[in-house]
Amino acid sequence: MEEAMRWFGPRDSVSLAEIRQTGATAVFSALHDVPYGEAWPLAQIIQRRDEVAAAGLAWRVVESVPVSEAIKTRSGDWARQIENYRVTLERLGAAGIGVVVYNFMPVMDWVRTDLRHRLPDGSEALRYDPAKFAAFDLFALGRPGAEADWSPAQRAAAAAFWRSRAAAERSAFTKQILDLFPGVRLGLTIEDFRAMLAKYAAIDADRLRENLRLFLAAVVPTAERAGVRLAIHPDDPPFPVLGLARVVSTESDLRAVLAMADSPANGLCYCTGSLGVRADNDLVGVIRRLGARINAVHLRSVQREADGVFFEANHLEGNVDMPAVVQALLAEQTARRRAGRADWQVALRPDHGHVMLDDFRRPAPECPGYPLIGRLRGLAELRGLQVGISRMAGEPAVG
Ligand code: DNO
């Protein structure tokens, strides 16, 4: 598998020259300045591609072309925005960028409650604590019906958390939850957020799935023609939040998405960190059964703790059996190569890393979870696995 790093663009505090020294040969990148729902200008795509190439790297995967709220809810300007999405896919294909990651999570992208969770070795990880998220839901958002979604113990822990925080801490926490969109500060207020949630009042899981199906029916034929493969990112975390449906959380969800458009252009971004939060997701089994449709790979681990808490563990620690995952991915790669598939090599990136060592002295990463040294550690560990497992199997690790 090709080794890549995420790069948020020229604003990223990690430079392309630094990424090159990690040993990565490619990046996952996106034009984060283009508003959700608008078509990406071809000139900017070319400029980004050439800037990456000038640093000796390849822009292999687009992460992400965001699917707007209008498209997810099929309201307002959705038809024009789907058309824009198709135009973007055509332009990316024309520029030779062949994989596009997206997600279909209502309102929020990923959710974490602690961005600086200190681990015993002194490094810092991202963490999710349901009690803290319940505090956001119950006291910052004041969502009608929220009580029913939390257990009495969670509600009590949420209240204790909220009471222990001064007003300034509460508003900083609220802002942090509202502002966790990758690579962009949407600057949402709690009122904006409430209005976004309200759009989902009549959208249950079946309806959301149908909206996803209609989206795919519109864009997959375009992707096929453009030579682009789509890769849906699983829900992170993989369960409903804030009363919103989530439909990309389990293997059966993934199967349902793949069945919506039976085309290699309709594929998966296989993400161990997202799927791995659920103990009932069989990470290796997903590769064995659905591997042919994996178009991009995110590797990181999670440590599940009591009461639904999880944190992002080192890549080779925690609940994800990373050696088994890499072995299964390499087996899929070998099978594809033998079948003569042009897409036999998939790009992987270490998904997040701890803040460690010199990361503490560097400017804050463009997005929480994306410090340089922590991800370098992750990538280096994954490289060791790839090279070691491939060697044992007598196969090349990369082309
Ligand atoms: C977080 C990321 C996600 C991911 C998007 C894909 O670090 O894994 O934000 O990029 O959900 O659309």
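Note that the structure is a prediction, hence the values are computed from the model and not measured.

Caption draft 1: Looking closely at the overall build of the protein chain. Along its length, the protein chain carries 14 helices and 12 strands. Computed over the C-alpha atoms, the radius of gyration of the protein chain is 20 Å, within 12% of the 21 Å expected from 2.2 N^0.38 for a compact globule of 399 residues. A principal-axis box enclosing the C-alpha atoms of the protein chain has dimensions of 60 × 50 × 40 Å. For the protein chain, with 399 residues in total, the buried portion stands at 59%. In the protein chain, the share of contacts with a sequence separation of at least 24, taken over all contacts with a separation of at least 6, comes to 70%. For the protein chain, the accessible surface area stands at approximately 15,700 Å², while carbon and sulfur atoms represent 54% of it.

Caption draft 2: Main features of the site of the ligand. In the region of the ligand, 16 residues are neighbours, and Glu 63, Ser 64, Asp 109, His 352 and Tyr 370 sit closest. One of the side-chain nitrogen or oxygen atoms of Ser 64 is found 2.6 Å away from an oxygen atom of the ligand. At a separation of 2.6 Å, an oxygen atom of the ligand approaches a polar side-chain atom of Tyr 370. Coverage of the ligand by the protein amounts to 99% of the 330 Å² it exposes when considered alone.

Caption draft 3: Quick look at the pairing of strand 2 (residues 26–29). The two faces of strand 2 match: Ala 26 and Phe 28 on one face and Val 27 and Ser 29 on the other face are all buried. Strand direction decides the pairing type here: strand 1 (residues 2–7) and strand 2, joined by 4 bridges, are parallel. Paired with Arg 6 across the strands is Phe 28, a residue of strand 2. You can see the chain leave strand 1, run along helix 1 (residues 16–21) and come back into strand 2, and the turn it takes is right-handed. As judged from the 4 bridges shared by strand 2 and strand 3 (residues 58–63), these two strands associate in the parallel manner.

Caption draft 4: Quick peek at the environment of Gly 285. In this fold, Gly 285 is placed in helix 12 (residues 283–290). Taking the relative accessible area as the measure of exposure, Gly 285 reaches 4% and is therefore buried. With 40 residues separating them along the chain, Gly 285 and Val 325 place their C-alpha atoms 9.2 Å apart.

Caption draft 5: Representation of helix 5 (residues 130–141) within the structure. Of all 12 residues that make up helix 5, 11 are buried, and the element is covered over most of its length. When helix 5 is considered as a whole, its buried residues turn out to be Pro 130, Ala 131, Lys 132, Phe 133, Ala 134, Ala 135, Phe 136, Asp 137, Leu 138, Ala 140 and Leu 141. Where the residues of helix 5 are buried, they touch strand 5 (114–118), strand 6 (124–128), helix 6 (152–163), helix 7 (167–178) and helix 8 (190–198). Residue Asp 129 occupies the N-cap position of helix 5, its side-chain oxygen lying 2.9 Å from the main-chain nitrogen of Ala 131. One or two steps after helix 5, the chain reaches Gly 142, where phi turns positive at roughly 60 degrees.

Caption draft 6: How the structure looks around the sheet that holds strand 11 (residues 310–311). Pairing is antiparallel in the open sheet, where 4 strands are placed in the order 5-6-11-10. Of all the strands in the sheet, just strand 5 and strand 10 (303–304) have a single pairing partner and so form its edges. As paired strands, strand 5 and strand 6 are joined by 3 bridges and run antiparallel to one another. If you follow Arg 118 over to strand 6, its bridge partner there is Glu 124.

Caption draft 7: How the structure looks around the sheet that holds strand 8 (residues 266–271). Reading around the barrel, the 8 strands line up as 1-2-3-4-7-8-9-12 and close back on themselves, with parallel pairing between neighbours. Direction aside, the axes of adjacent strands within the sheet are offset by 30 degrees on average. Across 3 bridges, strand 9 (residues 294–299) lies against strand 12 (residues 347–350) in parallel orientation. Of the residues in strand 12, the one forming a bridge with Val 297 is Leu 348. Set on the sheet, helix 4 (residues 78–94) makes contact with strand 3, strand 4 (99–102) and strand 7 (229–232); between it and strand 4 the angle comes to about 145 degrees. Together, strand 7 and strand 8 form the strand contacts of helix 10 (residues 251–260), whose direction differs from that of strand 8 by roughly 155 degrees.

Caption draft 8: Here's a closer look at the pairing of strand 12. Of the two faces of strand 12, the one lined by Ala 347 and Arg 349 and the one lined by Leu 348 and Pro 350 are each fully buried. Examined bridge by bridge, strand 1 and strand 12 share 2 bridges and lie parallel to one another. Paired with Glu 2 across the bridge in strand 12 is Ala 347.

Caption draft 9: Fine view of the pattern of salt bridges. Under the counting rule described, the total for this entry stands at 43 salt bridges. Here Arg 143 ties to Asp 149 by a salt bridge, and the two come within 2.8 Å at their closest N and O atoms. Judged by its relative accessible area of 12%, Arg 143 falls in the buried class. Among the residues examined, Asp 149 registers a relative accessible area of 42% and is labelled partly exposed. Here Arg 300 ties to Asp 351 by a salt bridge, and the two come within 2.9 Å at their closest N and O atoms. In this pair, Arg 300 is assigned in the loop between strand 9 and strand 10 and Asp 351 in the loop between strand 12 and helix 14 (372–393), connecting sequence segments 51 residues apart. The buried category is assigned to Arg 300, whose relative accessible area is 1%. Within the structure, one salt-bridge network assembled from shared partners comprises Arg 6, Glu 63, Arg 112, Asp 236, Arg 300, Glu 312, Arg 349 and Asp 351.

Reading the values: the criteria
- Counting restarts for each chain, with residues numbered from 1 along the sequence as it is written.
- With the structure being a predicted model, the display of local features is reserved for residues of pLDDT at least 70 and the display and counting of side-chain atom pairs for 80 or more, all residues being used for whole-chain, interface and lining totals.
- Hydrogens and waters are ignored; side-chain quantities use all the structure's heavy atoms.
- Each helix corresponds to a stretch of at least 4 residues labelled H or I by DSSP, and each strand to a stretch of at least 2 residues labelled E; elements are numbered beginning at the N terminus.
- As defined in this context, the radius of gyration uses C-alpha atoms, and a globule is described by 2.2 Å times the residue total to the power 0.38.
- The buried label applies to any residue whose accessible area, calculated with a 1.4 Å probe on protein chains only, is under 20% of its type's maximum; exposed applies above 50%, and partly exposed to all values in between.
- Should any heavy atoms of two residues lie within 4.5 Å, those residues are counted as being in contact.
- Note that accessible areas follow from Shrake-Rupley with a 1.4 Å probe, and for residues the cover is restricted to the protein chains shown.
- Distances are taken per atom, and a residue is near a molecule or strand as soon as one of its heavy atoms is within 4 Å of it.
- Polar contact is the term for a pair of N or O atoms within 3.5 Å; when the atoms are in protein, one must be able to donate a hydrogen and the other to accept it, and sequence-neighboring residues count only if both atoms are side-chain atoms.
- Whether two strands pair comes down to DSSP finding at least two bridges between them.
- Place the viewer so that the strands point away; then a crossover is right-handed whenever the path from the first strand over the helix to the second strand goes clockwise.
- A fitted line through C-alpha atoms serves as each axis, taken over the contacting stretch for helices, and the angle formed by two N-to-C directions is quoted from 0 to 180°.
- Whenever Lys or Arg places a side-chain nitrogen within 4 Å of a carboxyl oxygen from Asp or Glu, that contact is recorded as a salt bridge.

None of this, on its own, says anything about what the molecule does.
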